[in-house]
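Residue-level structure breakdown
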Amino acid sequence: MALKARSTANDTTFAEAYAQAHSSAGKRTVGFNPTTQYVSTTGAHAFVAPGSGDARGPCPGLNALANHGYIPHNGIGTTAQFTQATNQVYGMGVDVATFLSAYGTAVDGDIVSLSFSIGQGQSTILGPEDGLTGSHNNYETDVSPTRGDLYEYGDNYDVQLSQFVQLYDLQSSVSDPTQVNYDIPLLTSFRVTRLQQSIDNNPYFFNAAFSGLAVQPAAYQFTFRLMANKSEEFPEGRLDRDTLKSFFAISGPDDNLVYTPGHERIPDNWYKRAIGDEYNLPFFLTELGTIAAANPQFASIGGNTGQVDTFTGVNVADLTGGVYNAQTLLQGNNLACFILQVAMMEPSVAAATILLQQLTAVVSPLLSQFDCPELTEIDDSLFNNFPGYTRSS
C-alpha cells in the first residue's frame, strides 16, 4: 500500500507536542557571551575556496568547516578532528559528534587511519572508501532539504536550486528581515513536503533504518540548531536569509539566486551555541522523536518499489522480531532506542574495535537512561524487495 506523506493539521500541533516534551524550551536561560561564542572567519580561518583535489560533499556544515580551515582543507579528516571542529565551531555536543564521526568512519571511511572524506572517498590500504558522497543509504540519504535524491538527479552532493528556493520562499511573506527565521517548525513542514516529493518523483526512494530515521532528520534539525546565529536578543538563535544562503553556498538577490558548488561559508559576525548549551545526543534524539510523533510518516521504514508513488512500508514487528511495532516505535523513547541500537548492529561498526569502543561509550549510558527494550538483531533481508536499497548495497 502506498504511503502518502501527510503533515499535521498545522504547525501548532507540532509546537504543542514539542512543548510537552520540552516544557522549558524557549524559556531556558541560555545566556549569550560574545567572547566565547564568536567564531572566527579571518586569519587562519578566512574562507578559502576548494581547489582541484579538495573533497566537498553533501553536508554543508562540513564543507564550511573545510573552507575555513577548521578541518583539513582537502576535506579528509580524522574522527578526532571532526569531533573537535563541530564542537568548537557549531556547539555540537561531543557525544553527537563522536557518534556521527565514529559511525561515518566505520561505514564509509578508513578504519586504519580513523578518517573519512566529506566528499568522494579515497583509496586506502584496505581498498577504496565510499566517503560521504558514496554512502547512499548507509549514511547519506534521500529527502535532503537542498540536495537531490541520488536516483532522481544522479547527484546527491550538489544543491538543487529549485529545492533551496522552495525552502527560501517559505519566509517570503515576512517583510521585516529582523523577523525572518527558518526555525524547527518551518523546517519540519518543509521536510513533510520533501518527503512527499521523493515519494512522488524518485522510483528508488528508500527510507533506511538508520540513515532515514536518524540522518535525514538531522539535516533539518542541524540546519536551525547549529546554523542559526546566536545573539543577546536571540540566545536560542535566529536563522535569517543571509545566514541560510551563506551556509548553503548561495549568493545573489532574491530574484536571481546563484549556487556555487563547494563554496559554503561561515558568515562573518556569526556566533555559535552557548558554552554549556551544546546540542547533545539526548536533546537531538528527544527532539527527533517528538517531531516523528507529530508526523508518523517520518518513522516509516521502506520505500518505493521501482515506480514513483509506490511507497511500501516494512513491518516493524517483523523487522525487530516483535521488540517494536509501528505503534510502540513512536512511544516514549523507543525511536531513540531503535536508532542507537541499529547503529551498534552495523557490521562494519562491530568490525572496527576502536570505533566500536567510541560508540559504546556514548550509546550505552543512553540505552540505560532511556530504559530501552532489548533489541539484538534486525531482519534486514526485508529490505531486499526495495530496489533503492539493493542498488545501495
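1. Quick look at the nonpolar core
Counting 103 residues, the largest nonpolar core has Phe99, Phe210, Phe222, Leu281, Leu285 and Phe338 as its most contacted members. Top contributing element to this core by residue count: helix α9 (residues 211-227), with 9 residues. Not counting residues up to four positions away in its chain, the partners in contact with Leu285 are Ala336, Ile339, Leu340, Leu366 and Phe370.

2. Topic: the state of the cysteines
One pass over the full model with this rule turns up 1 disulfide. Between the sulfur of Cys337 and that of Cys372 lies a disulfide, 2.0 Å long from S to S. Judged by the sign of its S-S torsion, about -80 degrees, the cystine formed by Cys337 and Cys372 is left-handed. In this pair, Cys337 sits in helix α13 (residues 334-345) while Cys372 sits in the loop between α15 (353-369) and α16 (387-392), placing the two residues 35 residues apart along the sequence. Of the two residues, Cys337 and Cys372, both sit in the buried class.

3. Some thoughts on the sheet that holds strand β6 (residues 206-207)
Sheets are built from strands paired through backbone hydrogen bonds, the pairs being either parallel or antiparallel. Taken together, the 3 strands give an open sheet; going across it, the order is β6-β10-β11, and neighbouring strands pair in antiparallel fashion. Each having just a single partner strand, β6 and β11 (312-313) make up the two edges of the open sheet. The sheet contact formed by β6 and strand β10 (residues 302-303) spans 2 bridges and is antiparallel. Directly across from Phe206, in β10, lies its bridge partner Gly303.

4. As for helix α3 (residues 60-67)
Burial of α3 is extensive: 8 of the 8 residues sit out of reach of the surface. Buried positions along α3 lie against α4 (79-90), α9 and α10 (241-247). Looking one or two places after α3, you find Gly69, whose phi comes out positive at around 75 degrees.

5. So, a negative patch on the surface
On the surface, a cluster of negative charge is made up of Asp169, Asp242, Asp254 and Asp255. You can see Asp169 is positioned in the loop between α7 (161-168) and α8 (184-201).

6. Observations concerning the pattern of salt bridges
By the definition in use, this model includes 5 salt bridges. Here Asp149 and Arg194 are joined by a salt bridge, their closest N and O atoms 3.6 Å apart. Taken as a pair, Asp149 in the loop between β5 (127-128) and α6 (150-153) and Arg194 in helix α8 lie far apart in primary sequence, 45 residues in all. With respect to class, Asp149 is no different from Arg194; both count as buried.

7. Some thoughts on the packing of aromatic side chains
Given two aromatic rings, one states the distance between the centres and the angle between the planes to describe the pair. Within this structure, the stated rule accounts for 22 aromatic pairs. Taking 5.0 Å as the distance between ring centres and 65 degrees as the angle between the ring planes, the aromatic pair formed by Tyr279 and Phe283 counts as edge-to-face. For the pair Tyr279 and Phe283, one class covers both residues: buried. Members of the aromatic cluster, joined through ring pairs, are Phe99, Tyr103, Tyr139 and Phe210. The ring of Phe298 carries the charged tip of Arg191 above its face, separated from the ring centre by 3.6 Å.

8. Some words on the environment of Asp95
Looking at the secondary structure, you find Asp95 in helix α5 (residues 94-108). Judged by its relative accessible area of 23%, Asp95 falls in the partly exposed class. When the C-alpha positions of Asp95 and Pro177 are compared, they lie 35 Å apart, and in sequence the two are 82 residues distant. Apart from the residues within four sequence positions on either side, Asp95 is in contact with Asn280, Leu281, Pro282 and Val362.

9. Structural notes on unusual backbone geometry
Look at Leu114: it is not a glycine, yet its phi comes out positive at around 55 degrees. Within the fold, Leu114 resides in the loop between α5 and β3 (115-117). On the accessibility criterion, Leu114 (18% relative accessible area) is buried. One non-glycine residue, Ala249, lies in positive phi territory at about 60 degrees. Tracing the backbone through its elements, the reader meets Ala249 in the loop between α10 and β7 (250-251). Looking at Ala249, the relative accessible area reads 6%, which means it is buried.

10. What to know about the confidence of the model for the chain
Reading fine detail from the predicted coordinates is not recommended where pLDDT is low. Mean pLDDT over the chain stands at 92; residues scoring 70 or higher make up 90%. Counting contacts from residues 4-27, a segment whose pLDDT is below 50, to residues more than four positions away or on other chains yields 39 contacts.

11. Points about the side chain of Lys272
With respect to the helices, strands and loops of the structure, Lys272 is situated in the loop between β9 (270-271) and α11 (281-294). One buried charged side chain, Lys272, makes no salt bridge at all; its nearest oppositely charged neighbour is Glu278, positioned 6.4 Å away. With residues near it in sequence (within four places) discarded, Lys272 still touches Thr36, Gln37, Val39, Asn87, Gln88, Val89, Tyr90, Gly91 and Lys230.

12. Looking at the environment of Val112
Note on placement: Val112 falls in the loop between α5 and β3. Accessibility expressed as a relative area gives 51% for Val112, which makes it exposed. Along the primary structure Val112 and Ala352 are separated by 240 residues, whereas in three dimensions their C-alpha atoms are 8.9 Å apart.

13. Concerning the packing of α11 against α13
Across the interface, α11 lies against α13 with an axial gap of 8 Å and an inter-helix angle of 120 degrees. Judged on the interaxial angle alone, α13 and α11 are oblique. Both α11 and α13 take part in a crossing whose hand is right-handed. In this structure, α11 contributes Leu281, Leu285, Leu288, Gly289 and Ala292 to the contact, and α13 contributes Leu335, Ala336, Ile339 and Leu340. Split by residue class, the contact of α11 with α13 holds 8 nonpolar, 1 polar and no charged.

So, how was this worked out
Residues numbered from 1 in each chain as written. Predicted model: local features only at pLDDT ≥ 70, side-chain atom pairs only at ≥ 80, totals over all residues. Heavy atoms only, no water. Core = buried A, V, L, I, M, F, W, Y, C linked by side-chain atoms within 4.5 Å. Buried < 20%, exposed > 50% of the residue type's maximum accessible area, 1.4 Å probe, protein only. Helix = DSSP H or I, 4+ residues; strand = E, 2+ residues; numbered from the N terminus. Contact = heavy atoms within 4.5 Å. Disulfide = S-S within 2.5 Å. Pairing = 2+ DSSP bridges. Patch = residues over 30% accessible without salt bridge, like charges linked within 9 Å, V, L, I, M, F, W, Y side chains within 5 Å. Areas by Shrake-Rupley, 256 points an atom, 1.4 Å probe, with all protein chains shown as cover. Salt bridge = Lys/Arg side-chain N within 4 Å of Asp/Glu carboxyl O. Lys, Arg positive; Asp, Glu negative; His and termini not counted. Charge placed at Lys NZ, Arg CZ, Asp CG, Glu CD. Phe/Tyr/Trp six-rings, centres within 6.5 Å; stacked < 30°, edge-to-face > 60°. Lys NZ or Arg CZ within 6 Å of the ring centre and 35° of its normal. pLDDT = per-residue confidence, 0-100. Axes fitted to C-alpha atoms, helices over the stretch in contact; angles between N-to-C directions. Parallel < 35°, antiparallel > 145°, perpendicular 65-115°, else oblique. Left-handed = near helix turned anticlockwise from the far one by under 90°. Nonpolar A, V, L, I, M, F, W, Y, C, P; charged D, E, K, R; others polar.

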